[in-house]
Amino acid sequence: MRKEQRIEYIDFFRGIGILLMLVNHVYFGGFIYNISHAFHMPMFFIISGFLYSKKSKQQLSTQSFIKKKAKSLLLPYFIFGILHYLIWIAIYGFSIEPLTHVFFYNTEEGMPIAGALWFLTALFITDVLFFVMDRYLRNRIVFTSTIVILSMFGTLARIILPFTLPFALSAGFVGLGLFEIGVLLKKVSYSNIYRRFENFKPIIKYGILVFLFVLTCCLIFLNGAVNMRDGRYSLIPLFWINATLATVTGMLISKCWFEFKADGIVNGYICSIGKESIVYLCLNQLVIFFAKEVGGIIALPFILNQLIVLFISLIVLYLICRIVFSTKLKILFGK
C-alpha cells in the first residue's frame, strides 16, 4: 500500500494477508475465520511500522506528510465509499443510512460491500499519529507511554464507550501499538539474535519455524474470535501476543520460502497481490457480492460454491489491477 522500496518477501506476506481477507469475506467460517482474523489485518499495521523510515521524518514537514497520507489513504476511502454507496442504492433503493456509515461509523453493518474500507482511515490515523509523536515527543518514555495508553484505550473502546468512535479511530489507536511493534522488529532484524537465526542450519531453522507456527495456531485457538473492525479482541493480552507472534512467524516463513524458491508463477502472482493490495482492499467485497450472485445460479454444495466465488473474485480483481495500473485510473487509488 506504500511506495517504499520493494522487499519481495514482504510483498509475498502481504499478498497472503490479502488472500486471507478474501477468504474471510467469501466466508468459509469456523477455524479459518479465527486463525486469519487474529493477524491478517494487524499484520498490515506491523508491516507498516517495519517499513517506517526515519528519512520520512527528516525529509517531510508534518503538513507534507499528512497530505501524502491523505492522498494515498483518505482519497480512495472517500472515492470508493461514495462509489459503493451509489451501487448500494441502485440495488436496494435510496437510503441515507449507508452514507452515514461512510462518513461516520465506518463499519460494514450499514453497507457490507464497503466493509473493508475501515482499514484506510485506521491506517491514516496510525501513520499520522506515529509521525507526529515521533517528531515532537523527544522524551522516549513519554513517547512509549503515550503509545501504550492509546493502544490500550483502542482495545477497550468497545467495552468502555457507549458509542462507536468515527472513522475506525479505535482501530487506529490499536494500530499505533502494532506499528511500534513493527518498528521494534525492524531493529531486531539488525541484531545479533536475528543474524544467529539466519546462520542456523536449514533443518534447525525450519524446525524453529514449524514450532512457531504450531504455537501460534494453538494460542489463536485459545483466544477465540478477533476482529479489529468491530473492536473485538477476546483476551486482550493474547491478542497482542498472537498478532505479534503470527506476523513474525509469517515474515520468517516468507523470507525462508523466497530463499528456497524465489521464482515461479505462484510467487509472482502472490507478490503482485501484495504490491497492488489497495485495489483488492477497496473492491474485494463488491466483486465478491456479484460473484456470489453468479455462483448462486447453480445449486452446489456450500464449500464448492464458496471456492467458485473465491476463484471468480480473484480473476476479476486481477484483471481490474491490470487495467488500473496500466491507465490513469490508478489516480483513484492515490497512486
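Quick notes on the rules
- Residues numbered from 1 in each chain as written.
- Predicted model: local features only at pLDDT ≥ 70, side-chain atom pairs only at ≥ 80, totals over all residues.
- Heavy atoms only, no water.
- Helix = DSSP H or I, 4+ residues; strand = E, 2+ residues; numbered from the N terminus.
- Buried < 20%, exposed > 50% of the residue type's maximum accessible area, 1.4 Å probe, protein only.
- Areas by Shrake-Rupley, 256 points an atom, 1.4 Å probe, with all protein chains shown as cover.
- Lys, Arg positive; Asp, Glu negative; His and termini not counted.
- Charge placed at Lys NZ, Arg CZ, Asp CG, Glu CD.
- Phe/Tyr/Trp six-rings, centres within 6.5 Å; stacked < 30°, edge-to-face > 60°.
- Lys NZ or Arg CZ within 6 Å of the ring centre and 35° of its normal.
- Salt bridge = Lys/Arg side-chain N within 4 Å of Asp/Glu carboxyl O.
- Patch = residues over 30% accessible without salt bridge, like charges linked within 9 Å, V, L, I, M, F, W, Y side chains within 5 Å.
- Contact = heavy atoms within 4.5 Å.
- Axes fitted to C-alpha atoms, helices over the stretch in contact; angles between N-to-C directions.
- Parallel < 35°, antiparallel > 145°, perpendicular 65-115°, else oblique.
- Nonpolar A, V, L, I, M, F, W, Y, C, P; charged D, E, K, R; others polar.

Novice: What am I meant to see in the overall build of the chain here?
Specialist: From N to C terminus, the chain includes 15 helices and zero strands. Expressed as a percentage of the 335 residues in the chain, the buried residues total 52%. Only carbon and sulfur atoms are counted for the fraction: they give 72% of the accessible area of the chain, which is about 16300 Å². Charge centroids of the chain, computed over 31 positive and 15 negative side chains, lie 9 Å from each other.

Novice: Would you take a moment to explain the packing of aromatic side chains for this structure?
Specialist: Each aromatic ring pair is specified by the distance between its two centres and by the angle formed by the two planes. Scanning all chains against the criterion turns up 18 aromatic pairs. Seen in terms of ring centroids, Phe65 and Phe131 are 3.9 Å apart; in terms of plane orientation they differ by 5 degrees. Their pairing is stacked. With Phe65 in helix H5 (residues 62-92) and Phe131 in helix H7 (residues 118-136), the pair connects residues that are 66 residues apart, well separated along the chain. A residue is classified by how much of its surface remains accessible, and Phe65, at 5% relative accessible area, is buried. With a centroid separation of 5.2 Å and 85 degrees between ring planes, the pair formed by Phe289 and Phe290 is classed as edge-to-face. Owing to a relative accessible area of 39%, Phe290 belongs among the partly exposed residues under this scheme. Among the aromatic residues, those joined into a ring-pair cluster are Phe44, Phe45, Trp118 and Phe119. The positively charged end of Lys186 is found above the aromatic ring belonging to Phe50, 5.5 Å away from the centroid. A cation over an aromatic ring shows up here: Arg322 above the ring of Tyr318, its NZ or CZ 4.7 Å from the ring centre.

Novice: Help me understand the environment of Leu222 in this model?
Specialist: Looking at the secondary structure, you find Leu222 in helix H11 (residues 202-223). Under the relative-accessibility criterion, Leu222 is labelled exposed at 59%.

Novice: Mind showing me how you'd approach unusual backbone geometry here?
Specialist: Trans is the prevailing form of peptide bonds, just as negative phi is the prevailing case for residues other than glycine. Although it is not a glycine, Phe167 sits at a positive phi angle of roughly 55 degrees. Despite not being glycine, Ser234 has its phi angle at roughly 50 degrees, a positive value. Considering the arrangement of structural elements, one finds Ser234 in the loop between H11 and helix H12 (236-260).

Novice: What is the right way to read the pattern of salt bridges from this model?
Specialist: Where charged atoms from two side chains of opposite charge come close, those side chains can pair. For the coordinates displayed, the defined rule picks out six salt bridges. Among the salt bridges present, the one from Arg229 reaches Asp230, with a minimum N-O distance of 2.7 Å. Taken individually, Arg229 and Asp230 each receive the classification buried, so the pair is uniform in this respect. Its salt-bridge partner being Arg322, residue Glu276 comes within 2.3 Å of it at the nearest N-O pair. Of this pair, Glu276 sits in the loop between helix H13 (265-275) and helix H14 (277-295) while Arg322 sits in helix H15 (residues 302-324), and the two are 46 residues apart along the sequence. Glu276 gets classed as buried once you look at its relative accessible area, which sits at 9%.

Novice: Looking at this structure, I do not really get a nonpolar patch on the surface. What am I missing?
Specialist: On the surface, Val294, Ile297, Ile298, Leu300, Leu304 and Ile308 cluster together into a nonpolar patch covering about 530 Å² of accessible area. Locating Ile297 in the fold gives a position in the loop between H14 and H15. Taking relative accessible area as the criterion, Ile297 reaches 68% and is therefore assigned exposed.

Novice: For this particular structure, what's the right way to read the side chain of Asn227?
Specialist: Within the secondary structure, Asn227 sits in the loop between H11 and H12. On the basis of relative accessible area, Asn227 is assigned to the buried category, the value being 7%. Other than its neighbours up to four places away in sequence, Asn227 contacts Tyr33, His37 and Arg232.

Novice: Please clarify how the packing of H5 against helix H6 (residues 97-105) should be interpreted in this entry.
Specialist: Helix packing geometry: the angle between the two helix axes and the distance between the axes. The N-to-C vectors of H5 and H6 enclose an angle of 170 degrees; their axes lie 10 Å apart at closest approach. The angle between H5 and H6 falls in the class roughly antiparallel. Residue-level inspection shows Tyr77, Phe78, Gly81, Ile82, Tyr85 and Trp88 of H5 in contact with H6, the latter providing Pro98, Leu99, His101, Val102 and Phe103. Split into classes, the residues belonging to the contact of H5 with H6 amount to nine nonpolar, two polar and no charged.

Novice: Help me understand the environment of Ala90, please; the structure alone is not making it clear to me.
Specialist: Relative to the helices and strands, Ala90 resides in helix H5. You can call Ala90 exposed: its relative accessible area is 67%. Separated by 139 residues in the primary sequence, Ala90 and Arg229 place their C-alpha atoms 26 Å from one another.

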